[in-house]
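# An overview of the molecular structure
Residue strings, one per chain:
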Amino acid sequence: MTEEAPKFKLNDGNEIPSFGFGVFQIPADGSTYKAVSQALKDGYRHIDTAVAYFNEQEVGKAVRDSGIPRNQIWITSKMWLQDYAYEDANKSIDRTLKKLGLDYIDLYLIHQPYGKVDEAWQAMIEAQKAGKIRSIGVSNMTPKIWQKWADKGIFNKKMPAVNQVEFNPYFQQKELRQIMSQNHVTLEAWAPLGEGNHSLFAEPLLNNLAKKYGKDVGQIILRFEHQEGIIVFPKSIHEARIKSNLDIFDFELTSDEMDAIRKLDQGHGAHNPDAPGTGEMLLNAFDVHAND
Ligand code: NDP
């Protein structure tokens, strides 16, 4: 087992493992159970799922079967767009608890920042008070979208603990990070490996660093992100990668190397949450209640 990932302290006082395992696009045909069980065995103590990944049930079963005490594993899930109306939001939280088969969720996020975000946020604040959720946060909030909801006053009721956004060496979210740090909101990276982007993995700088440290390019990317203070949860269905991705706690990039990787930033990602029509496109992408 590799060295344990350090924890980051959130603005609500909770401590989150800074390194986790993402399960987006892992099917619920036994594959999620297998991958999460493997990850837990290898030392991961943080799993990132969502209602819209349709695999909360297998995540919960893998956690329950792992034999690891519940309070040593951090579980994140996310409410889908369809459920933001207040009553639906309450039901979404209860449904996630039921699917996971757990008494509480460590972190629940507003998955996409469109529609009745204010009602969903209210329901999440109440569920947190009721002990169903330990930390609450948002996702895919760009500076513009963050400002919109801040202007409506929803963050005066409760500041999100995290904002989970696309982040990797090609999209380093410099403007957003400044706004988040002013509000003591921790950034979580989705697509920390650029979803396997070939040009990112072919970057000469990253390959040279991999050679220098006897690591692979994925490990260099994840180590960079970790040293930037970003929470990461790379996804893989391959045993060797599940193991190797976590093995980044025995070396350190120098400040010159960090600066050099910072220069790979292209200032935009694969997904633009500000693009007109994104909310409707996502809402129509699938129905999370199709199998209810
Ligand atoms: P990642 O950046 O984690 O990339 C995953 C891809 O990279 C997979 O195709 C995987 O392939 C491949 N991969 C994994 N490890 C390596 C490696 N060491 N070398 C080369 N390729 C590798 O993308 P994700 O989109 O999965 O993001 C991570 C997590 O973030 C998700 O699983 C999910 O939990 C969350 N997320 C949240 C979103 C949001 O809107 N809030 C949106 C998207 C993701 P293989 O499996 O074959 O190994």
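Coordinates for the structure precede this section.
Here we summarise the structure given alongside this text. (Residues numbered from 1 in each chain as written. Predicted model: local features only at pLDDT ≥ 70, side-chain atom pairs only at ≥ 80, totals over all residues. Heavy atoms only, no water.)

A separate point is the overall build of the chain. Counting secondary structure elements, the chain contains 13 helices and ten strands. Expressed as lengths along the three principal axes of its C-alpha atoms, the size of the chain is roughly 55 × 45 × 35 Å. Across the 292 residues of the chain, 55% fall into the buried class. The contacts of the chain with a sequence gap of at least 6 include a subset with a gap of at least 24, amounting to 77%. Of the roughly 13,000 Å² of accessible surface on the chain, 49% is carried by carbon and sulfur atoms. (Helix = DSSP H or I, 4+ residues; strand = E, 2+ residues; numbered from the N terminus. Buried < 20%, exposed > 50% of the residue type's maximum accessible area, 1.4 Å probe, protein only. Contact = heavy atoms within 4.5 Å. Areas by Shrake-Rupley, 256 points an atom, 1.4 Å probe, with all protein chains shown as cover.)

This next bit is on the site of the ligand. In the vicinity of the ligand lie 27 residues, with Asp48, Leu193, Glu195, Ser236 and Arg241 positioned nearest. At 3.3 Å, a backbone N or O of Pro192 approaches an oxygen atom of the ligand. For the ligand, an oxygen atom lies 2.9 Å from a polar atom in the side chain of Lys235. Calculation on the ligand without its partners gives an accessible area of 900 Å², and the protein chains cover 89% of this total. (Near = heavy atom within 4 Å. Polar contact = N/O pair within 3.5 Å; in protein donor to acceptor, adjacent residues only side chain to side chain.)

So, about the packing of aromatic side chains. For the structure shown, the criterion picks out nine aromatic pairs. With 5.9 Å between their ring centres and 80° between their planes, Phe19 and Phe249 make a pair best called edge-to-face. One end of the pair, Phe19, is in the loop between β2 (15–17) and β3 (21–22); the other, Phe249, is in the loop between α11 (239–246) and α12 (255–262), with 230 residues separating them in the sequence. For Phe19, a relative accessible area of 1% puts it in the buried group. Classification of Phe249 by relative accessible area gives buried; the value is 12%. Where Tyr213 meets Phe251, the ring centres are 5.1 Å apart and the plane angle is 45°; that geometry is what we call tilted. Taken together, the positions of Tyr213 in helix α9 (residues 204–213) and Phe251 in the loop between α11 and α12 put the pair 38 residues apart, joining distant regions of the chain. (Phe/Tyr/Trp six-rings, centres within 6.5 Å; stacked < 30°, edge-to-face > 60°.)

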